[in-house]
Amino acid sequence: MKIMVVGGGGREHAIIKKLKENKEITEIFALPGNGGIAADAACVPVKATDIEGICAFAKENAIDYAVVAPDDPLVLGCVDELKKLGIPCFGPEKKAAIIEGSKVFSKNLMKKYGIPTAEYEVFTDLESALTYLETAPVPTVIKADGLALGKGVIIAMTRDEAKQAVKSMMEDKIFGESGSQVVVEEFLTGPEVSVLSFTDGKTVVPMISSMDHKRALDGDKGLNTGGMGTVAPNPYYTKEVADRCMKEIFLPTIDAMNKEDRTFRGCLYFGLMLTEKGPKVIEYNCRFGDPETQVVLPLLESDLLTVMKATTNGTLAETEVKFADKNACCVIMASAGYPQKYESGYEITIADEVKDCVYVAGAKLEDSVLKNAGGRVLGVTAVEETLEKAIDSAYAKVQKVTFANAFYRKDIGQKALQALK
Ligand code: AMP
Ligand code: GLY
C-alpha cells in the first residue's frame, strides 16, 4: 500500500511513525515532509497548500490512501479534490473544515445548537467593534475569523488593548483577510484540555486527553507559541468530565454538523476550558493538534491506518480504538528567540537510542547533515507508567539531542503533576 501524508511538521512525523507500524504499508510519501521526516518517509518537495501539485503527485504515483494533516489544505478543499480523483482520504471536506476555518461559523454553530462556549459578538466593521468595546467587560478576547497560523487570538486586559487589537486586525490587517471579521468573546478561566477525536460523522471516539503548554517560558510566561510541550492524559479530564463533554459537546457537535449538511469525518479537535459552570469549547480544530499528536499517538495501541480508514468508510462504531493505560510527555526543543527572531542552520545530533521518540518539526538535510530550520525544531516524547516518570524520562532524552542555541521549557508537565497531588 502506498500512503501519502500532506504536511511537514512534528505532528506529521508522529503520524508517519505510527503508520509505519502497519506492515501492509510499503511506501509513505510526505508532502513536503522535512529533513527529519526523511528518515521515515520519502519527502516530496510539494507544498502542503499546493492542492494541484498534491493531486498530480497522488495520481501519478497511484496513492492508495491520503492523510491530509494541516489546517490550510483542509480548509482549501484538498480532501475534496483528492476524492474527485478517487483517492480515499483521512480528513474533512472543505465544507466541514470550516469549523476551524471560520471562528464566526463555529461560534454561530455553537449558539444555534446550544453547545457551551464563551459569550460573544461578531463584528464586520471597525466602528461598531470600537463602540462595543467602550463598555465591554475586560479582560476580553479578540479573535480573527480566519486561519492566522495559530496567532489570531489576542487576550486584552484593558479596553485600550482590546481596541488596539481590533484595529490591528481590521484596519492594519495583520492577519490579512482572516481579520476582516472579528469575534469579541467573554474571557473564561479554568484548566484547559485538548481532546482529539476520531469521527466518521456518526460515531465519535475521543482519543486520550492531553494538555498543551502554549507560552514560550516556564511558569506559563512569555509569548504564545505553537506549543512548547504536552502531556497525556490530562489529569483534569476525569471520567465525570469526559461523560459530560460527550453528552454536552462532542455528540451535539457531530449532530450539528450533520444537520448543517457539513458532515465531519477525520480528526475533530476540541479545545476545552473546564470553567466553574462546566466544560466549554474554546476552539475547534479540523485536524490533529501539534504537539498534542506527539503524546497521543504514541499511546495508541490500535492500528492507526485501520482507524483512519474507518472514519472514511463510516465503520468507526465497529472498529477498536485502544489507548495504553500509560502517560506520555513531549518536550519541544526550539531555536532560542522563538517565537520571535531566531537563528537556524545549526547541526542537530540525535543519539541512536532516542531516534524512535524524536519528532522533527523544523529541520532540513544539507549534504546528509540534519540542520535546524525553524522555530520549533523537534519534540522528544517519553511514554512511562506514571506522569512523573514520563516527565523525567522525556527530559533525560532531551539531553541526548543537541544543536546550538537549543531552547526548551523546563517545566512541561509540572502543572499536571500538581493537579494529581
Ligand atoms: P487558540 O489560538 O484558539 O488556540 O487560542 C489560544 C489560547 O487563547 C487558548 O488556548 C486559550 O488559552 C486562550 N483563549 C482563547 N479563548 C479564550 C477565552 N474565551 N477565554 C480565555 N482564554 C481564551
Ligand atoms: N496545539 C494546538 C493546536 O494544534 O492548534
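Note that the structure is predicted; figures quoted are calculated from it, not measured.

Participant: Explain the packing of aromatic side chains to me, and be specific about the residues and the numbers.
Facilitator: Per the counting criterion, the structure on display carries eight aromatic pairs. Ring plane angle 35 degrees and centroid distance 4.3 Å describe the contact between F250 and F270, whose orientation is recorded as tilted. Here the residue F250 occupies a position in helix 9 (residues 239-259), and F270 occupies one in strand 16 (residues 266-275), the gap between them amounting to 20 residues. By the ring-pair criterion, three or more aromatic residues cluster together here, those being F90, F198 and F288. Stacked on the ring of Y408, the Lys or Arg K410 has its end atom at 4.4 Å from the ring centre.

Participant: Would you mind going over the layout of surface pockets in detail, with residue names and values included?
Facilitator: Size it by volume and the second largest pocket reaches roughly 260 Å³. Looking at the second largest pocket, it is lined by 16 residues, and the ones nearest its centre are G36, A39, I350, K355 and L370. Going through the elements one at a time, helix 1 (10-19), strand 19 (349-350) and strand 20 (358-360) are the ones with two or more residues in the lining of the second largest pocket. In terms of residue class, the lining of the second largest pocket is made up of eight nonpolar, four polar and four charged.

Participant: Give a detailed account of a negative patch on the surface, specifying residues and quantitative values.
Facilitator: There is a patch of like negative charges on the surface, built from D125, E127, E171 and D172. Along the chain, D172 falls in the loop between helix 8 (159-170) and strand 9 (182-186).

Participant: Talk me through the site of ligand 2; I want residue IDs and the actual numbers.
Facilitator: Lining the immediate environment of ligand 2, one finds D212, K214, Y269, N285, R287, G289, D290 and E292. Side-chain polar atom of D212 to a nitrogen atom of ligand 2: 2.9 Å apart, as the coordinates give it. Interatomic distance of 2.8 Å between a side-chain N/O atom of E292 and a nitrogen atom of ligand 2. About the coverage of ligand 2: the protein hides 88% of its 200 Å² of free accessible area. Taken together, the residues that form the shell around ligand 2 break down as one nonpolar, two polar and five charged.

Participant: Tell me about the packing of helix 1 against helix 11 (residues 304-313), residues and numbers included.
Facilitator: Packing of helix 1 against helix 11 leaves a shortest axis separation of 8 Å and a crossing angle of 110 degrees. Classified by the angle between their axes, helix 1 and helix 11 sit roughly perpendicular to one another. Residues I15, K18 and L19 of helix 1 lie in contact with helix 11, whose contacting residues are L304, L305 and M308. Its residues assigned to classes, the contact of helix 1 with helix 11 comprises five nonpolar, no polar and one charged.

Participant: Run through the pattern of salt bridges, naming residues and quoting values.
Facilitator: Here the idea is simple: oppositely charged side chains can pair when their charged atoms come close. Tallied over the full model, the rule gives 27 salt bridges. The closest approach of N and O atoms between E185 and K143, which form a salt bridge, is 3.1 Å. Here E185 is found in strand 9, whereas its partner K143 is found in strand 7 (residues 140-144), with 42 residues between them in sequence. Across the pair, exposure class does not vary: E185 and K143 are buried alike.

Participant: Go over the side chain of H13, please, and point to the residues and values.
Facilitator: Turning to its location among the elements, H13 is positioned in helix 1. Contacts of H13, omitting those with residues within four sequence positions, involve G36, I37, D40, V358, Y359 and V360.

Participant: Can you lay out the site of ligand 1 for me, pointing to particular residues and giving the numbers?
Facilitator: By nearness alone, 15 residues border ligand 1, and E185, E186, L188, E192 and E283 come closest of all. L188 is positioned with one of its backbone polar atoms (N or O) 2.8 Å from a nitrogen atom of ligand 1. Between ligand 1 and the protein, one listed contact pairs an oxygen atom with a side-chain N or O atom of E192 at 2.4 Å. When ligand 1 is considered free in solution it has 480 Å² of accessible area, and contact with the protein chains removes 91% of it. Going through the elements one at a time, strand 7, strand 8 (153-156), strand 9 and strand 17 (278-285) are the ones with two or more residues in the shell around ligand 1. A per-class count over the shell around ligand 1 returns eight nonpolar, one polar and six charged.

Participant: Any details on the nonpolar core? Residues and values, ideally.
Facilitator: Among the nonpolar cores identified, the biggest contains 48 residues, and M4, L82, I99, Y237, F250 and L272 are the most heavily contacted of them. It is helix 9 that contributes the most residues to this core, eight residues altogether. Grouped together as the second largest cluster of nonpolar side chains are 40 residues, L196, V295, L304 and A328 included.

Participant: Which residues make up the side chain of K143, and what values go with them?
Facilitator: Judged by its relative accessible area of 4%, K143 falls in the buried class. Engagement of the side chain of K143 in a polar contact is seen with the side chain of E185, the distance being 3.1 Å. Among the polar contacts made by the side chain of K143, one reaches the main-chain carbonyl oxygen of I282 at a distance of 3.1 Å. If near-sequence neighbours (up to four positions away) are discounted, K143 is found in contact with K103, G152, V153, M169, Q181, V182, V183, E185 and I282.

Participant: Which residues make up the packing of helix 5 (residues 94-101) against helix 6 (residues 103-112), and what are the values?
Facilitator: Packing of helix 5 against helix 6 leaves a shortest axis separation of 6 Å and a crossing angle of 90 degrees. As the angle between them shows, helix 5 and helix 6 are arranged roughly perpendicular. On the side of helix 5, the interface is formed by I98, I99 and G101, while helix 6 contributes K103, F105, S106 and L109. Here the residues of the contact of helix 5 with helix 6 sort into four nonpolar, two polar and one charged.

Participant: Can you lay out unusual backbone geometry for me, pointing to particular residues and giving the numbers?
Facilitator: In this chain, V138 is followed by P139 through a cis amide linkage whose omega measures -5 degrees. Turning to its location among the elements, P139 is positioned in the loop between helix 7 (126-133) and strand 7. In this structure, A62 takes a positive phi of about 45 degrees despite not being glycine. With respect to the element layout, A62 can be found in the loop between helix 2 (51-60) and strand 4 (65-68). Of note in the backbone geometry, K173 takes a positive phi value of approximately 55 degrees without being a glycine. The topology assignment puts K173 in the loop between helix 8 and strand 9. Assessed through its relative accessible area of 33%, K173 is described here as partly exposed.

Conventions we followed
- For every chain, the first residue of the written sequence is number 1, and numbering continues from 1 along that sequence.
- By the order in which they are written, chains take letters starting at A while ligands take numbers starting at 1.
- In keeping with the model being predicted, local features are shown solely for residues with a pLDDT of at least 70 and side-chain atom pairs are shown and tallied solely at 80 or more, while totals for entire chains, interfaces and linings include all residues.
- Each side-chain value is worked out from all heavy atoms of the structure, with water and hydrogens disregarded.
- Each pair of aromatic rings taken from Phe, Tyr and Trp, with Trp reduced to its six-membered ring, is defined by centres within 6.5 Å and is described as stacked if the planes are under 30 degrees apart, edge-to-face if over 60, and tilted in the remaining cases.
- Starting at the N terminus, helices and strands are each numbered in turn, a helix being any DSSP run of H or I of at least four residues and a strand any DSSP run of E of at least two.
- A ring is considered to have a charge above it if a Lys NZ or an Arg CZ atom is located within 6 Å of its centre and within 35 degrees of its normal.
- Residues are called lining when one of their atoms sits within 4 Å of a cavity or pocket point, these points coming from a 1 Å grid over the protein atoms alone, where a cavity is a set in which a 1.4 Å probe fits but cannot get out and a pocket is an open set with protein on both sides within 12 Å along at least five of seven lines.
- Grid points are joined across faces, edges and corners, and a volume is the space filled by probe spheres set on the points.
- Here the nonpolar group is Ala, Val, Leu, Ile, Met, Phe, Trp, Tyr, Cys and Pro; Asp, Glu, Lys and Arg are the charged ones; every other residue, Gly included, is treated as polar.
- Like charges are joined within 9 Å and nonpolar side chains (Val, Leu, Ile, Met, Phe, Trp, Tyr) within 5 Å, but only among residues with over 30% relative accessible area and no salt bridge; these make up the patches.
- Every accessible area reported is derived by Shrake-Rupley at a probe size of 1.4 Å, with residue values counting cover from the shown protein chains alone.
- Between Lys or Arg on one side and Asp or Glu on the other, a salt bridge is scored when a side-chain nitrogen of the former is within 4 Å of a carboxyl oxygen of the latter.
- For the charge count, each Lys or Arg is scored as positive and each Asp or Glu as negative, with His and the chain ends excluded.
- By convention, charge coordinates are those of NZ in Lys, CZ in Arg, CG in Asp, or CD in Glu.
- Residues are counted as near a molecule or strand when any one of their heavy atoms sits within 4 Å of it.
- Any pair of N or O atoms that falls within 3.5 Å is considered a polar contact. Within protein, one atom must be able to donate a hydrogen and the other to accept it, and sequence-neighbouring residues count only if both atoms are side-chain atoms.
- Lines fitted to C-alpha atoms define the axes here, with helix axes fitted over just the stretch in contact, and angles between the N-to-C directions of these axes take values from 0 to 180 degrees.
- The labels follow the angle: roughly parallel below 35 degrees, roughly antiparallel above 145, roughly perpendicular from 65 to 115, and oblique for the rest.
- Residue contacts are defined here by distance: any two heavy atoms, one from each residue, within 4.5 Å place the two residues in contact.
- Burial classes: relative accessible area under 20% of the type maximum marks a residue as buried, over 50% as exposed, and values in between as partly exposed (1.4 Å probe, protein chains only).
- Within this scheme, the nonpolar core is defined by two criteria: the residues are buried Ala, Val, Leu, Ile, Met, Phe, Trp, Tyr or Cys, and they are joined through side-chain atoms within 4.5 Å.

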